[in-house]
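Per-entry structural report
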Amino acid sequence: MNRPTALIAGFGRNVSQQSPWRRWLGGALLVGAAVLSATPLRAAPRIVEMTPEQLTAEARLQFPQRRCAGGIACLTLSEPKVQIQQGQPRLFLSARASPALGAQQFDSGLIEVGAMPEYRTDEGAFFLKDSAVTRFEFPGLDPQAAATIASLIKPLITETLATTPLWALDETDPQQAMLRLVLQKVEVVEGRLRLTIGR
């Protein structure tokens, strides 16, 4: 079975600062959307795919993120990395987690979350929904302290992912604005995030 065309995804805010691959994808999306608009009844959906490396590059534009609960427990997430596991429909995001309780800062650890990709049309951005923590590693903490920290910061992890886009479209870019209009479906397929563009 032939794979759909894999276009390297990503966009720049300033055309003069875009890398060649970002300009190429933007042009490809614009052409594809124009074709769909011109022949809505006959045009086949266009497929764009993003690799975990490209998703990681986009996610790093959104981090670090800091959240606090009750003014006591705080969590900073940084250095995100997106992975896709064989046969899984979810995206997996790992990040460095730096917790604090009041004025006490704890050693950083590693968290990993598995979640479904979601595109929110009203925000023009991609998020992770239905997240579940799959790894929680804090080697600098004893087991009891780690369990206490985990209970306090897991809700902050969920809140961060629910409100922080993995990738946000730039509405000032006509190419990205066009993608927002015709994006039909988002799913994980064969190790990539697949965007189906069509109507």
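Here, the structure is the one placed above.
This report concerns the structure included in the present document. (Residues numbered from 1 in each chain as written. Predicted model: local features only at pLDDT ≥ 70, side-chain atom pairs only at ≥ 80, totals over all residues. Heavy atoms only, no water.)

1. Some remarks on the overall build of the protein
Condition: The secondary structure listing takes helices from DSSP runs of H or I that are at least 4 residues long and strands from runs of E that are at least 2 residues long, numbered from the N terminus. For each residue, the accessible area found with a 1.4 Å probe, counting protein chains only, is set against the maximum for its type, and the residue is called buried under 20%, exposed over 50%, and partly exposed in between. Here, residues are in contact when the closest pair of their heavy atoms is within 4.5 Å. To measure how exposed things are, a 1.4 Å probe is used in the Shrake-Rupley method; for residues, cover is taken only from the protein chains shown.
Counting secondary structure elements, the protein contains 4 helices and 10 strands. Across the protein, helices and strands are ordered from the amino to the carboxyl terminus as α-β-α-β-β-β-β-β-β-α-β-α-β-β. In the protein, which comprises 199 residues, the share counted as buried stands at 47%. Long-range contacts, defined here as pairs at least 24 residues apart, represent 55% of the contacts in the protein between residues at least 6 apart. Surface summary for the protein: the accessible area is close to 10200 Å², and the carbon and sulfur share equals 53%.

2. A short note on the state of the cysteines
Heads up, the condition is: Counting rule for disulfides: a pair of cysteine sulfur atoms within 2.5 Å.
Counted by the stated rule, this structure contains 1 disulfide. Paired by a disulfide, Cys-68 and Cys-74 hold their sulfur atoms 2.0 Å apart. As the torsion about the S-S bond is roughly 110°, the Cys-68-Cys-74 disulfide counts as right-handed. For Cys-68, a relative accessible area of 39% corresponds to the partly exposed category.

3. Things to note about empty space enclosed by the protein
Note the following rule: Put plainly, a pocket is an open set of points on a 1 Å grid over the protein atoms alone with protein on both sides within 12 Å along at least five of seven lines, a cavity is a set where a 1.4 Å probe fits but cannot get out, and a lining residue has an atom within 4 Å of a point. Grid points are joined across faces, edges and corners, and a volume is the space filled by probe spheres set on the points. Side-chain classes follow a simple rule in which Ala, Val, Leu, Ile, Met, Phe, Trp, Tyr, Cys and Pro form the nonpolar group, Asp, Glu, Lys and Arg form the charged group, and the remainder, Gly included, forms the polar group.
Tallying each qualifying case throughout the model produces 1 cavity of 30 Å³ or more. Looking at the lining of the largest cavity residue by residue, the classes come out as 6 nonpolar, 1 polar and no charged.

4. Quick word on the packing of aromatic side chains
We apply this condition: Each aromatic pair joins two rings of Phe, Tyr and Trp (for Trp, the six-membered one) with centres within 6.5 Å, and gets the label stacked for planes under 30 degrees apart, edge-to-face for over 60, and tilted for any other angle.
Counted according to the given criterion, the structure contains 3 aromatic pairs. Ring centres of Tyr-119 and Phe-126 lie 4.8 Å apart, and the angle between their planes is 45°; this geometry places the pair in the tilted category. Seen in terms of ring centroids, Phe-126 and Trp-167 are 4.6 Å apart; in terms of plane orientation they differ by 10°. Their pairing is stacked. You can see Phe-126 sitting in strand 7 (residues 125-137) and its partner Trp-167 sitting in strand 8 (residues 167-168), a full 41 residues away along the chain. The exposure class assigned to Phe-126 is buried, which follows from its relative accessible area of 3%.

5. Here we look at unusual backbone geometry
When glycine is set aside, most residues are seen to have a negative phi, and most peptide bonds are trans. The peptide bond linking Phe-63 to Pro-64 adopts the cis configuration, its omega dihedral lying at 10°. Residue placement: Pro-64 occurs in the loop between helix 2 (52-59) and strand 2 (65-69). A positive phi angle, close to 50°, is found at Asp-130, a residue other than glycine. Within the secondary structure, Asp-130 is located in strand 7.

6. Overview of the environment of Ala-115
Inspection of the secondary structure assignment puts Ala-115 in strand 6 (residues 109-120). As a C-alpha pair, Ala-115 and Ser-131 span 16 residues in sequence and 4.2 Å in three-dimensional space. With sequence-adjacent residues up to four places away left out, Ala-115 is seen in contact with Arg-90, Leu-91, Leu-128, Lys-129, Asp-130 and Ser-131.

7. Describing the nonpolar core
Selection rule: Only buried Ala, Val, Leu, Ile, Met, Phe, Trp, Tyr and Cys residues count toward a nonpolar core, and they belong to the same one when joined by side-chain atoms within 4.5 Å.
Membership of the largest hydrophobic core comes to 39 residues, with the highest contact counts inside it found for Leu-91, Ile-111, Phe-126, Leu-166, Leu-193 and Leu-195. Considering each element in turn, this core owes the most residues, 6 residues, to helix 3 (residues 143-163). Beyond its immediate chain neighbours, meaning those up to four positions away, Leu-195 contacts Arg-46, Ile-47, Val-48, Phe-126, Trp-167, Leu-183, Lys-185 and Val-186.

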